[in-house]
Amino acid sequence: MKRWMIYTCLALLTSAAFADEMLDNDLATLQHAWAKATYQTSKDQQEAAFKSLSEQAHHLTTQHPEANEAMIWEAIVLSGYAKSMGPLQPLSALKAAEQARDLLLASIKTNPQALHGSAYTTLGSLYFRVPGWPIGFGDKKKGREYLEKALQLNPTGIDSNYFYADFLRAQGDYSQAVTYYQKALQAPARPGREDADAGRKQEIEEGLRLAQSKLK
């Protein structure tokens, strides 16, 4: 009886480890596809790329309904999809943004520290960029709160510092924006995310240049 229980426990542990490895591999594939769609795809092709990617991300979330990482990445993809549709498709873009928001809020309820607080970073960016009432759910105050929470959880992260810097620049706080852009440039490299880091650094450098130009 004891031997049977040991074999059963080993089988369960092996199965769980295999599932975790599959999730990690699928997330890595999704992350690279997101980097390609975001930084290596022409503007006129981005919507189609993100539409396909959003379907892949949703499939991954369906396969791993308890995985906060999958939920966060589906939300990140949906945010990119909303942005790619632009002002020409406001209703569709808002729907994608709302889906992303709901996934992020659900993720925060169960594990706010997943992916070093990435849910807060994306959520803050959504509230900051989406139009406010009566068009959308955008709210600059909430956006700031979420972005500052992201910084608390990941003070040296490239994304947490970049998105907060972007927010500050949009609010006209150029001096502080410069500070956080510079922190973003000094962020530690993320192993396996070299393509995303390279693209993000280009965005940081552009934002830094714009902020510094306002201080002259």
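Residues numbered from 1 in each chain as written. Predicted model: local features only at pLDDT ≥ 70, side-chain atom pairs only at ≥ 80, totals over all residues. Heavy atoms only, no water.

1. Remarks on the packing of aromatic side chains
Note the threshold: Pairing of aromatic rings covers Phe, Tyr and the six-membered ring of Trp, with a centre-to-centre limit of 6.5 Å; geometry is then stacked below 30 degrees between planes, edge-to-face above 60, and tilted otherwise. Classification of residues uses two cut-offs on accessible area relative to the type maximum, computed with a 1.4 Å probe and protein chains only: under 20% is buried, over 50% is exposed, and between them is partly exposed. Put simply, DSSP marks the helices as runs of H or I at least four residues long and the strands as runs of E at least two long, and each gets a number from the N terminus on.
Applying the stated criterion to the full structure yields ten aromatic pairs. Geometrically, the ring pair formed by Trp34 and Tyr39 is edge-to-face, given 5.8 Å between the ring centres and 85° between the ring planes. Note on Trp34: relative accessible area 9%, which makes it buried. Among the residues examined, Tyr39 registers a relative accessible area of 22% and is labelled partly exposed. Geometrically, the ring pair formed by Trp34 and Trp73 is edge-to-face, given 5.7 Å between the ring centres and 75° between the ring planes. Taken together, the residues Trp34 in helix H1 (residues 2-39) and Trp73 in helix H3 (residues 68-85) connect sequence positions 39 residues apart.

2. Let's talk about helix H4 (residues 90-110)
Just so we agree on the cut-off: To estimate the expected span of a helix, subtract one from its residue number and multiply by 1.5 Å. In what follows, a contact means two residues having at least one pair of non-hydrogen atoms within 4.5 Å.
Helix length check: H4 (21 residues) gives 31 Å between terminal C-alpha atoms against 30 Å at 1.5 Å per residue, within 8%. Ala93, Leu94, Ala96, Ala97, Ala100, Arg101, Leu103, Leu104, Ser107 and Ile108 are the residues of H4 that are buried. Where the residues of H4 are buried, they touch H3 and helix H5 (118-129).

3. As for the environment of Tyr81
Mapping Tyr81 onto the fold places it in helix H3. Setting aside its immediate chain neighbours within four residues, Tyr81 contacts Glu47, Phe50, Lys51, Ser54 and Ala96.

4. Brief notes about the side chain of Asn68
Put simply, the rule reads: Any pair of N or O atoms that falls within 3.5 Å is considered a polar contact. Within protein, one atom must be able to donate a hydrogen and the other to accept it, and sequence-neighbouring residues count only if both atoms are side-chain atoms.
Along the chain, the position of Asn68 falls in helix H3. Here Ser107 takes part through its backbone oxygen, which lies 2.9 Å from a polar atom of the side chain of Asn68. A polar contact is formed between the side chain of Asn68 and the side chain of Thr110, at a distance of 2.6 Å. Contacts of Asn68, omitting those with residues within four sequence positions, involve Ser107, Thr110, Asn111 and Ala114.

5. Quick notes on the confidence of the model for the chain
Our working definition: Residue-level confidence of the predictor is what pLDDT reports, using numbers from 0 through 100.
In this model, the chain carries an average pLDDT of 91, and 90% of its residues clear a pLDDT of 70 or more. In the model, residues 6-19 has pLDDT below 50 throughout and makes one contact with residues more than four positions away in sequence or in other chains.

6. Here's the deal with H3
Along an α-helix, residues three or four apart share an orientation, since each turn contains 3.6 residues. The end-to-end C-alpha distance of H3 is 26 Å, a good match for the 26 Å that 18 residues give at a rise of 1.5 Å each. Among the 18 residues that make up H3, 16 are buried, leaving the element largely enclosed by the rest of the structure. Downstream of H3 by one or two residues, Gly86 has phi in the positive range, about 65°.

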